[in-house]
Amino acid sequence: MSQMQNGRSSLKTVLKSSAVGGLAALMLTTGAAGPIARSFAAPVEVNAPQVPSFASVVDAVSPAVVSVRVKSNVEPVSDDSSGFSFGGRGLDQLPDDHPLKRFFKEFGGPGANEDKRGPNRHREGKGPLRPVAQGSGFFISEDGYIVTNNHVVDDGSAYTVVLNDGTEYDAKLIGRDRRTDLAVLKVDVNRKFTYVQFADDSKIRVGDWVVAVGNPFGLGGTVTSGIVSARGRDIGSGPYDDYLQIDAAVNRGNSGGPAFNLNGEVVGINTAIFSPSGGNVGIAFAIPASVAKDVVQDLMKDGKVERGWLGVQIQPVSKDIAESLGLSEAKGALVVAPQPGSPGDKAGIKQGDIITAVNGDPIKDARELSRRIGAMAPNTKVELSLWRDGKSQSVSVTLGDLANDDASAGAQGQNDNERGGQSSSEKALSSLGLTVAPAEDGKGLAITDVDPDSDAATRGLKTGEKITSVNNQQVASAADVEKVINQAKKDGRTKALFQIETEQGSRFIALDIDQG
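Numbering of residues starts from 1 in each chain and follows the order in which that chain's sequence is written. Note on the predicted model: pLDDT of at least 70 is required for a residue's local features to be given, and 80 or more for side-chain atom pairs to be given and counted; whole-chain, interface and lining totals, by contrast, use all residues. Hydrogens and water are ignored here; the side-chain numbers use all heavy atoms of the structure.

**Digging into the pairing of strand S8 (residues 222–233)**
- The criterion for strand pairing is that DSSP finds at least two bridges linking the strands in question. Strands here are runs of E lasting at least two residues and helices are runs of H or I lasting at least four, both read from the DSSP assignment and numbered beginning at the N terminus. Relative to S8, strand S7 (residues 209–214) runs antiparallel, the two sharing six bridges. Bridging from a neighbouring strand, Val 213 pairs with Val 223 of S8.
- Judged from the three bridges that link them, S8 and strand S9 (residues 243–246) form a sheet pairing that is antiparallel. Across the sheet, Val 228 pairs through a bridge with Ile 246, a residue of S9.

Shown next as structure tokens:
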């Protein structure tokens, strides 16, 4: 028992000694006993690359960007002073208690104040100048030339441009080009304007920054940014389509406005958007600077654009067509028909020829041929490389003037989805799902029936169409077709090219002949 008490006494002595020692140590370290200070963690800080600011670009180019307001003489479209034609009886003939009549009398419209205004108030056939459109544009020279879209100024009678500081000037239309949707206006005042220049868009890469400045929804100078999403887009607006696709926000009213690179140069002219709703969804199309530059220079010079004219209808070369003609690659432009008396016709270009190069430079497709020919001046002599009868040859052509003829040098025929085709004798044609008979005019074979389950039907061949040639050889009977098809098979080809004639014109198609 005494031992246990002695042990407890020793333990107490040790604890007391430890406490005193700890207190002494604390006093030696801090100088005095006191509360312990809390420690705080450092705030989060990330050293990331900084996104470039567009402020310097915007400051520099904004004075050169304008809003374009278009007015036109509005002609009356009805006799009831309402500006509306309802196709039935006028609203003034409705009962007095009719909801529509009460509405228009209260808020203005047909029947309201008729005694003051009266019908047909514009008897000369010309109404007052009224706003009909608005868009964007930019100065391309210090003496007041402005670039915009043709569809902005189309049908306008008077034009006003508004600078970023709110200054307004009247402008006149110098010229416009429907094929590229470009137009040039001119402000004639005694001052020098801030202007911008076109970039070398051959250096533009997909992924490069672009800054769009314009007048969306009439709000005035608005800046959006994005990147170049794609190049060489064809949106079906014409034979010279070669758009830049950008994802900068572009809306109604941005048309004609510039898209800049970070050097403040115009890489494109905002022209169209793809949108299911009518608003921005990040898909906009801009005319590239390389296209706009030459057109704008021509318009500034004399108000019109001169283009070379070949005078042939063309269509793309599909893989099937290339194979049917023994061409190793599906490139070039297939001649559907030369226009009689055109430069191409005079040079000996024939239907079924494939134009593969211009002055030795390969042609990728029909659109490229259109642009290449259109970029040349009338009376230019060019060397065209052709693929004809399974071999290459060349012809020299002196281009005409497209301005004097509406027939485009590269007016595209049908699209890539060629339809239908012909082969062999009546039995062979039957195996392809086709029934034919000699054409009434003695030229070609009329299609009298198409098996709905056949490949020909799938490709769109229809009763009433006419086969005029197979592999560029004229045919007047099923035997003629069989002869050409057999020769194609001997040459190791699995497809044959047929020329199909309809009321809408002529087209080429390719059909598999290695069946049945």
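**Concerning the nonpolar core**
- Here, nonpolar core refers to any group of buried Ala, Val, Leu, Ile, Met, Phe, Trp, Tyr and Cys residues whose side-chain atoms link them within 4.5 Å. The rule is simple: take the accessible area with a 1.4 Å probe, protein chains only, and divide by the maximum for that residue type; under 20% is buried, over 50% is exposed, in between is partly exposed. Phe 138, Phe 198 and Ile 269 are the most contacted members of the largest nonpolar core, which totals 29 residues.
- For this core, the secondary-structure elements that each account for two or more residues are helix H2 (55–61), strand S3 (145–149), strand S6 (182–186), S7, strand S11 (266–273), strand S12 (284–288) and helix H6 (289–302).
- A per-element tally of this core places H6 first, with six residues.
- Any pair of residues with heavy atoms lying within 4.5 Å of one another is described as a contacting pair. Not counting residues within four places of it along the chain, the set of residues in contact with Phe 198 comprises Phe 138, Ile 140, Glu 265, Val 266, Ile 269, Ala 289, Ala 292, Lys 293 and Val 296.

**A look at the pairing of S11**
- A large share of S11 lies buried, amounting to six of its eight residues.
- Here strand S10 (residues 258–260) pairs with S11 via three bridges, running antiparallel. Counterpart to Pro 258 in the pairing with S11 is Ile 269.
- Taking the residues between adjacent antiparallel strands as the criterion, S10 and S11 are bridged by five residues, where Gly 264 takes a positive phi near 80°.

**Considerations on the packing of aromatic side chains**
- Any two of the Phe, Tyr and Trp rings considered here, Trp counted by its six-membered ring, make a pair once their centres fall within 6.5 Å; the pair's planes then place it as stacked at under 30 degrees, edge-to-face at over 60, or tilted in between. This structure, assessed with the given rule, holds five aromatic pairs.
- Taking the centre distance of 5.7 Å and the plane angle of 90° together, the rings of Tyr 169 and Phe 193 count as edge-to-face. Of this pair, Tyr 169 sits in strand S5 (residues 168–177) while Phe 193 sits in the loop between S6 and S7; the two residues are 24 residues apart in sequence, bridging distant segments of the chain. Across this residue pair, the class does not change: Tyr 169 and Phe 193 are buried.
- Measuring from ring centre to ring centre gives 6.4 Å for Tyr 243 and Phe 285, while their planes differ by 70°; the resulting arrangement is edge-to-face. Here Phe 285 lies in strand S12 and Tyr 243 lies in strand S9, a separation of 42 residues in the sequence.
- Joined through ring pairs, the aromatic side chains of Phe 139, Tyr 169 and Phe 193 make up one cluster.
- Here, a charge over a ring is recorded when the distance from Lys NZ or Arg CZ to the ring centre is within 6 Å and its angle to the ring normal is within 35 degrees. In this arrangement the basic side chain of Lys 186 is found over the ring face of Tyr 145, its NZ or CZ atom lying 5.2 Å from the centre.

**Concerning the confidence of the model for the chain**
- Confidence along the chain averages 78 in pLDDT terms, with 75% of residues attaining 70 or more.
- Mean pLDDT in the chain bottoms out at helix H4 (residues 114–117), which sits at 39, and peaks at S3, which reaches 96.
- Scored below 50 in pLDDT, residues 76–91 shows 22 contacts in the model against residues more than four places distant or in partner chains. For every residue, the predictor reports its confidence as pLDDT, a number between 0 and 100.

**Describing the layout of surface pockets**
- Cavities and pockets are found on a 1 Å grid laid over the protein atoms alone: a cavity is a set of points where a 1.4 Å probe fits but cannot escape, a pocket is an open set with protein on both sides within 12 Å along at least five of seven lines, and a lining residue has an atom within 4 Å of such a point. Grid points are joined across faces, edges and corners, and a volume is the space filled by probe spheres set on the points. By volume, the largest pocket is sized at about 350 Å³.
- What lines the largest pocket is a set of 17 residues, among which Val 291, Asp 294, Arg 371, Gly 374 and Ala 375 lie closest to the centre.
- Secondary structure elements with two or more residues in the lining of the largest pocket: H6 and helix H9 (366–374).
- It is H6 that contributes the most residues to the lining of the largest pocket, five residues altogether.
- In terms of residue class, the lining of the largest pocket is built from seven nonpolar, four polar and six charged. Nonpolar residues are Ala, Val, Leu, Ile, Met, Phe, Trp, Tyr, Cys and Pro. Charged residues are Asp, Glu, Lys and Arg, and all others, Gly as well, are polar.

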